[in-house]
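Breakdown of the fold
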Amino acid sequence: NSYKSFILGNHDARYYKYMQSSDAAKLGNALLSPTTALELVNRGFVVEENYPDGYIQLGDIQLIHGIYLNSNHPKTHMQKLRSSCMYGHSHQQLTYSENGTTAYNIGFLADRNAPIFSYSNRFEKANWREGFAVINYHNNTTYVEMIECKNDTFIYNNKLY
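Residues numbered from 1 in each chain as written. Predicted model: local features only at pLDDT ≥ 70, side-chain atom pairs only at ≥ 80, totals over all residues. Heavy atoms only, no water.

1. Some thoughts on the nonpolar core
Going by this rule: Here the nonpolar core consists of buried residues drawn from Ala, Val, Leu, Ile, Met, Phe, Trp, Tyr and Cys, with membership extended through side-chain atoms lying within 4.5 Å. Burial classification: accessible surface area is computed with a 1.4 Å probe over protein chains only, and a residue below 20% of its type maximum counts as buried, one above 50% as exposed, and the rest as partly exposed. A contact between two residues is defined here by any heavy atoms of the two lying within 4.5 Å.
One finds Ile7, Ile56, Leu58, Ile61, Leu63, Met86, Tyr104, Ile106 and Ala133 forming the largest nonpolar core, which totals nine residues. Residue contacts for Ile56: discarding those within four places in its chain leaves Tyr3, Ser5, Ile7, Val46, Glu48, Ile61, Gln62 and Leu63. In this structure, Ile64, Met78, Tyr87 and Tyr96 belong to the second largest nonpolar core, which totals six residues.

2. Digging into the pairing of strand β10 (residues 153–156)
So the rule is basically this: A pair of strands counts as paired when DSSP detects no fewer than two bridges linking them. Only DSSP runs of H or I reaching four residues or more are called helices, and only runs of E reaching two or more are called strands; each is numbered from the N terminus.
Alignment of strand β9 (residues 141–150) against β10, held across two bridges, turns out to be antiparallel. Directly across from Lys150, in β10, lies its bridge partner Thr153. The hairpin turn running from β9 into β10, its antiparallel successor, is two residues long, and Asn151 in that turn takes a positive phi close to 50°. The turn joining β10 and strand β11 (residues 159–160), which pair antiparallel and follow one another in sequence, is formed by two residues; a positive phi near 55° is taken by Asn157.

3. Observations concerning the pattern of salt bridges
A pair can form between side chains of opposite charge whenever their charged atoms are brought close. Applied cut-off: By definition, a salt bridge exists where a carboxyl oxygen of Asp or Glu is found within 4 Å of a side-chain nitrogen of Lys or Arg.
Within this structure, the stated rule accounts for two salt bridges. One salt bridge in this structure joins Arg112 and Glu130, with 2.9 Å as the shortest N-O distance. Taken as a pair, Arg112 in the loop between β7 (101–106) and α4 (122–125) and Glu130 in the loop between α4 and β8 (131–138) lie far apart in primary sequence, 18 residues in all. With its nearest N and O atoms 4.0 Å apart, the salt bridge here joins Glu148 to Lys150.

4. Some details on a nonpolar patch on the surface
Filter applied, for reference: Surface patches are defined over residues having more than 30% relative accessible area and no salt bridge, joining like charges when they lie within 9 Å and nonpolar side chains (Val, Leu, Ile, Met, Phe, Trp, Tyr) when within 5 Å. Where accessible areas are quoted, they stem from the Shrake-Rupley method and a 1.4 Å probe; at the residue level, only the protein chains shown are allowed to cover.
On the surface, Tyr18, Leu27 and Leu31 cluster together into a nonpolar patch covering about 220 Å² of accessible area. Along the chain, the position of Leu27 falls in the loop between α1 (10–19) and α2 (34–37). Taking relative accessible area as the criterion, Leu27 reaches 32% and is therefore assigned partly exposed.

Below is the structure:
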């Protein structure tokens, strides 16, 4: 039994901000929301559109987009929420644990050199990591597996993809 969720983030929020502008009126219905354009609901995703406050609670962990980018953002997210959490906002793969809670920054799945990421400099992008996480859920407890991608591949369950 699997669960698919999609949490809109700061890049998706730009759509909603733009759609409130007077320039957006000339587009009519041509520019679809991220949720509609990606057909997320039709594809079985639970969608959380409320950035930055939206989250999905899964057992003992909050799934969020994330907002902090300071030098120890996993710790900051965890301490502000006072809960274990998982996010991808910084595009890094990091964890921080303290007193039985953990913050998981799970990375991202994109080409850091794509033109869309030109807003960021090479020094910032050097810390970005391709990856994701798998959560196994049993008896209201989450077990997290961080998966690192390298050279367009990853290993999960002893199998190379």
